[in-house]
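Understanding the architecture of this molecule
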Amino acid sequence: MLIEFTGVSHVYPGSPRAVVQELDLTLTESRIGVIGANGSGKSTFARMLNGLIVPSSGTVSVNGLDTARKGREVRRQVGFCFTDPDSQIVMPTVAEDVAFGLRRRGLSKPEIAAKVATTLAAHGLEGYGEHPAHLLSAGQKQMLALSSILVTDPAILVMDEPTTLLDLRNTRRVVAAIESMHQHVILVTHHLDLLADFDRVLVFDESRLVFDGLPEKAVEHYLGLME
Ligand code: ADP
């Protein structure tokens, strides 16, 4: 993975100031955490990683693809998991939702069914294929959202506070899923303990990257900002 931010700032239309300012950054590691106070720019940063937001100045490139010009190709490589799985579940049943992302990939029906079954089994949803998606528990919905992303095998997974709405047991399930993924993971979270084994943690404060380094030091820095 090679993600490069070059001179990136972002101002939302009508907003008085930039919410991400003058960011130059190269990301290559397998597990990268992102922390910071509410409103510090984490979500905006995360959304720039797959071209959901194109910066108002500067460039973001993912494996050589400029997100402003190659958004579709970028999104094939970068999956995005939101805090609220309901915003991401698009089909009535569990199996249909997972199969949705595989459409237009030239796979046969049996190939799709096999991939869906393997992915559901890997995320604790075996036997739930015909189940109405909206009737799943919050934890199961997050695992479904993850399944629907991972079935297309993106190289990179960006997760924006995926455990915020979950209890401890379901948080642990998401953590275990992250641990077993071969994808590069960029995780925005307020659950600092999830980042202990990460390769690198970015700390944002008031629209700027204020620390970039190992988890323990990053958490120390963040806690200092909160005093
Ligand atoms: P965080 O994820 O750290 O809470 P965000 O990136 O969501 O931070 O938000 C940073 C700032 O940008 C906040 O002040 C927020 O109100 C503002 N903001 C976020 N989204 C929009 C938007 N779509 N339009 C205008 N302002 C926004």
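Only a predicted model underlies this, so the values are computations on that prediction, with no experimental measurement involved.

The terminal C-alpha atoms of helix 5 (residues 138-150), which comprises 13 residues, lie 18 Å apart, in line with the 18 Å expected from a rise of 1.5 Å per residue. The buried fraction of helix 5 amounts to 12 of the 13 residues, a majority that puts the element mostly inside the structure. Among the residues making up helix 5, those that are buried are Gly 139, Gln 140, Lys 141, Gln 142, Met 143, Leu 144, Ala 145, Leu 146, Ser 147, Ser 148, Ile 149 and Leu 150.

With that settled, the discussion passes to the UniProt feature "domain: ABC transporter" (unreviewed entry) in the chain. The feature "domain: ABC transporter" (unreviewed entry), as given by UniProt, occupies residues 3-226 in the numbering adopted here. Each end of residues 3-226 is marked by a C-alpha atom, and these two atoms are 29 Å apart; helix forms 33% of the span and strand 25%.

Inspection of the secondary structure puts Gly 139 in helix 5. Between the C-alpha atoms of Gly 139 and Thr 28, which are 111 residues apart in sequence, the distance is 30 Å.

Turning next to the pairing of strand 1 (residues 3-10). Within a regular strand, the side chains alternate between the two sheet faces. Pairing between strand 1 and strand 2 (residues 20-27): five bridges, direction antiparallel. By the bridge assignment for strand 2, Glu 4 is matched with Thr 26. Both strand 1 and strand 4 (residues 57-62) contribute to a ladder of five bridges, which runs antiparallel. Opposite Ser 9, over in strand 4, you have Ser 57 as the bridge partner.

For the rest of this paragraph, the subject is the site of the ligand. The environment of the ligand is made up of Tyr 12, Ser 15, Val 19, Gly 36, Asn 38, Gly 39, Ser 40, Gly 41, Lys 42, Ser 43 and Thr 44. Of all the elements, helix 1 (residues 42-48) adds the most residues to the shell around the ligand, at three residues. The class makeup of the residues in the shell around the ligand is two nonpolar, eight polar and one charged.

What follows concerns helix 4 (residues 109-122). In this model, helix 4 (14 residues) spans 20 Å end to end at C-alpha, consistent with the 20 Å of a helix rising 1.5 Å per residue. Turning to helix 4, its buried residues are Val 116, Thr 119 and Leu 120. Projection of helix 4 onto a plane perpendicular to its axis shows the buried side chains occupying an angular sector of 100 degrees, all on one side. Facing away from the buried side of helix 4 by more than 90 degrees, the exposed set consists of Pro 110, Glu 111, Ala 114 and Ala 121. Where the residues of helix 4 are buried, they touch helix 3 (94-100) and helix 5. In the segment just after helix 4, Gly 124 is the residue with positive phi, at about 70 degrees.

As for its position among the elements, Met 159 is in strand 7 (residues 156-160). Discounting residues that sit within four places of it in the chain, Met 159 has contacts with Cys 81, Val 185, Leu 187 and Val 188.

Rules and cut-offs
Residues numbered from 1 in each chain as written. Predicted model: local features only at pLDDT ≥ 70, side-chain atom pairs only at ≥ 80, totals over all residues. Helix = DSSP H or I, 4+ residues; strand = E, 2+ residues; numbered from the N terminus. Expected span 1.5 Å × (residues − 1). Buried ≥ 20, exposed ≤ 12 C-beta atoms within 10 Å, placed from the backbone. UniProt positions renumbered as here; feature names shortened; annotations may be inferred. Pairing = 2+ DSSP bridges. Near = placed C-beta within 6 Å. Nonpolar A, V, L, I, M, F, W, Y, C, P; charged D, E, K, R; others polar. Arc of directions from axis to C-beta. Contact = placed C-beta atoms within 7 Å.

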